[in-house]
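A closer look at the structure
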Amino acid sequence: MEFVFFDIECACVYKNVAKICVFGYVIADEQFNILKKEDILINPNGKFHLTDRGGEGIVLPYDYEDFKNYPDFKHFYPQIKEILEGEDKLVFGHAAINDIRYLNLETKRYKLPSFEFSFGDTQIFYMAMTETYDRQAGLENLTQVFEIDYTPHCAADDAYATMRIAQEMCKKENKTLPELMRSYGIEFGKISDYQFSNCISRRRNAYIQEKSREKAERGERRSKFNNFVYGYRVHPVSDELRGKKFSFSRSIEEDVAEAKKLVKEIVKRGGRYSLKLSNCTVFVENEMDDSVRRNTAHKLYEEGKIKEIYTLSEFKSLYLKEKE
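A brief look at the structure comes next. (Residues numbered from 1 in each chain as written. Predicted model: local features only at pLDDT ≥ 70, side-chain atom pairs only at ≥ 80, totals over all residues. Heavy atoms only, no water.)

With that out of the way, let us pick up the packing of aromatic side chains. Scanning the model with the defined rule gives 23 aromatic pairs in all. Counting every residue linked through ring pairs, the aromatic cluster contains Phe3, Phe5, Phe32, Phe92, Phe125 and Phe188. (Phe/Tyr/Trp six-rings, centres within 6.5 Å; stacked < 30°, edge-to-face > 60°.)

So, in structure tokens, the structure goes:
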């Protein structure tokens, strides 16, 4: 069995266009001994427009003018197909679904038959191994974690770094690569007939489902609280909070029973509750809150638009203590 690690660089990537300019790969045996390492330079038949996901420009370690001297993707398609396909191979990438998409788009662009192979993803392996399901680990970040030297955006070096990451994970767990996948419930992704599915981790899927359930429950609690605020109309019994508009952090609002009680006390004392930060003058947060809403409130406070900010305990002590 051979392991094939691959990486792709594109001259440009748009929604339905990915003009591949480099296909880099490393072929290794099951002990991670390198059998072949190569960059295949490809004429993208188009201009270079390179940005990362953040919209920042990136620079490939190649002379862009040289690409005009190479054949296009159609010429290299049989070679790449032979590298990636075969029952005696296991194919891996890092954030591999992106490269799978690029291959799929190029085969459609040149009216070539679809690729047909399964693939693993070292990014998903690492997320499963470390249980960091809520954030994706980039290749460069993991080369620092595992102290691997490589040249970013050189496709063959990226493929090599992917192999070394897989090797280090296997070493850490004292398992072969297939054993590592089985132990963390990881299943190969697949491309076939121009359709593709991602490599998956059963643990990550369970985590995502749990987070989705929690999000739905939070949304339901917030909806109940919002409906209460919209419909709550009573005459105040005092004017001590008149002119003040209060707003809570989400974590307080989601404790519906407590939040309702607090709003009733605010309205009872002549204040009002605003669901919108932009309309409030007093913001109340939980201690150790670092949410987007909390940070936005603090920015509005610095701008003078929110006049007061208190923790929940401070708010209760200052505003809602019973009159003697």
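Here the narrative resumes.
Before going further, it helps to spend a moment on the pairing of strand E12 (residues 282-285). Judged by which residues are buried, E12 turns out to be covered on both faces: Val282 and Val284 on one side and Phe283 and Glu285 on the other are all buried. Bridging between strand E10 (residues 245-248) and E12 involves 3 bridges; their strand directions are parallel. Opposite Phe246, over in E12, you have Val282 as the bridge partner. Bridging between E12 and strand E13 (residues 308-311) involves 4 bridges; their strand directions are parallel. The residue of E13 that forms the bridge with Glu285 is Thr311. The parallel pair E12 and E13 is bridged by helix H10 (residues 292-302), and the resulting crossover is right-handed. (Buried < 20%, exposed > 50% of the residue type's maximum accessible area, 1.4 Å probe, protein only. Helix = DSSP H or I, 4+ residues; strand = E, 2+ residues; numbered from the N terminus. Pairing = 2+ DSSP bridges. Right-handed = clockwise from strand over helix to strand, strands pointing away.)

Right, let's get into the layout of surface pockets. For the second largest pocket, the calculated volume is near 530 Å³. Forming the walls of the second largest pocket are 20 residues, and the residues nearest its centre are Arg233, Val267, Gly271, Arg272 and Tyr273. Secondary structure elements with two or more residues in the lining of the second largest pocket: helix H7 (202-231), helix H9 (256-268) and strand E11 (272-273). The residue inventory of the lining of the second largest pocket, partitioned by class, reads 9 nonpolar, 5 polar and 6 charged. (1 Å grid on protein atoms, 1.4 Å probe; cavity = no way out; pocket = protein on both sides within 12 Å on 5 of 7 lines; lining within 4 Å. Points joined across faces, edges and corners; volume = space filled by probe spheres on them. Nonpolar A, V, L, I, M, F, W, Y, C, P; charged D, E, K, R; others polar.)

Attention shifts here to helix H3 (residues 122-130). Burial of H3 is extensive: 8 of the 9 residues sit out of reach of the surface. Of all the positions in H3, only Thr122, Gln123, Ile124, Phe125, Tyr126, Met127, Ala128 and Met129 are classed as buried. Where H3 begins, one side-chain oxygen reaches toward the backbone nitrogen of Gln123, 2.8 Å away; that side chain belongs to Asp121. Two residues or fewer past H3, Glu131 is found with a positive phi of approximately 55 degrees. (Polar contact = N/O pair within 3.5 Å; in protein donor to acceptor, adjacent residues only side chain to side chain.)

A separate point is the packing of H7 against H9. Where H7 contacts H9, the two axes come as close as 10 Å, and the packing angle between them is 20 degrees. Put simply, H7 runs roughly parallel to H9. Seen from above, H7 lies across H9 with right-handed handedness. Taking contact as the criterion, the partners of Arg221, Phe225 and Phe228 in H7 are, on H9, Val256, Ala259, Lys260, Val263 and Lys264. Among the residues forming the contact of H7 with H9, the class breakdown is 5 nonpolar, no polar and 3 charged. (Axes fitted to C-alpha atoms, helices over the stretch in contact; angles between N-to-C directions. Parallel < 35°, antiparallel > 145°, perpendicular 65-115°, else oblique. Left-handed = near helix turned anticlockwise from the far one by under 90°. Contact = heavy atoms within 4.5 Å.)

Enumeration according to the criterion identifies 19 salt bridges in this entry. Here Arg269 makes a salt bridge to Glu265, at a shortest N to O gap of 3.0 Å. We classify Arg269 as buried; its relative accessible area is 5%. Accessibility expressed as a relative area gives 18% for Glu265, which makes it buried. (Salt bridge = Lys/Arg side-chain N within 4 Å of Asp/Glu carboxyl O.)

To continue, consider the sheet that holds E10. Overall, parallel pairing links the 4 strands, which are arranged E11-E10-E12-E13 in an open sheet. In the strand order of this sheet, the two ends are held by E11 and E13, each with one partner. Packing of helix H11 (residues 312-319) onto the sheet brings it into contact with E10, E12 and E13, and relative to E13 it is tilted by some 110 degrees.

A few words now on the side chain of Thr162. Mapped onto the elements of the fold, Thr162 is located in helix H5 (residues 155-173). In this structure, Thr162 is in contact with Phe5, Gly93, His94, Thr122 and Leu139, ignoring residues within four places of it in sequence.

Let us now look at unusual backbone geometry. The backbone of Phe32 sits at a positive phi, close to 65 degrees, despite the residue not being glycine. Along the chain, Phe32 turns up in the loop between strand E2 (18-28) and strand E3 (34-41). Positive phi, normally seen in glycine, also occurs at Ala95, with a value near 55 degrees. Its place among the elements puts Ala95 in the loop between strand E4 (89-93) and helix H2 (96-109).

On to the environment of Tyr194. Positionally, Tyr194 belongs in the loop between strand E7 (189-192) and strand E8 (195-197). Overall, the relative accessible area of 26% leaves Tyr194 in the partly exposed class. When the C-alpha positions of Tyr194 and Tyr25 are compared, they lie 22 Å apart, and in sequence the two are 169 residues distant. Those residues in contact with Tyr194 that lie beyond four places of it in its chain are Asn104, Thr107, Lys108, Leu112, Pro113 and Ser114. In this structure the side chain of Tyr194 is engaged in a polar contact, spanning 2.4 Å, whose partner is the backbone oxygen of Leu112.

The analysis is restricted to geometry; functional conclusions fall outside its scope.
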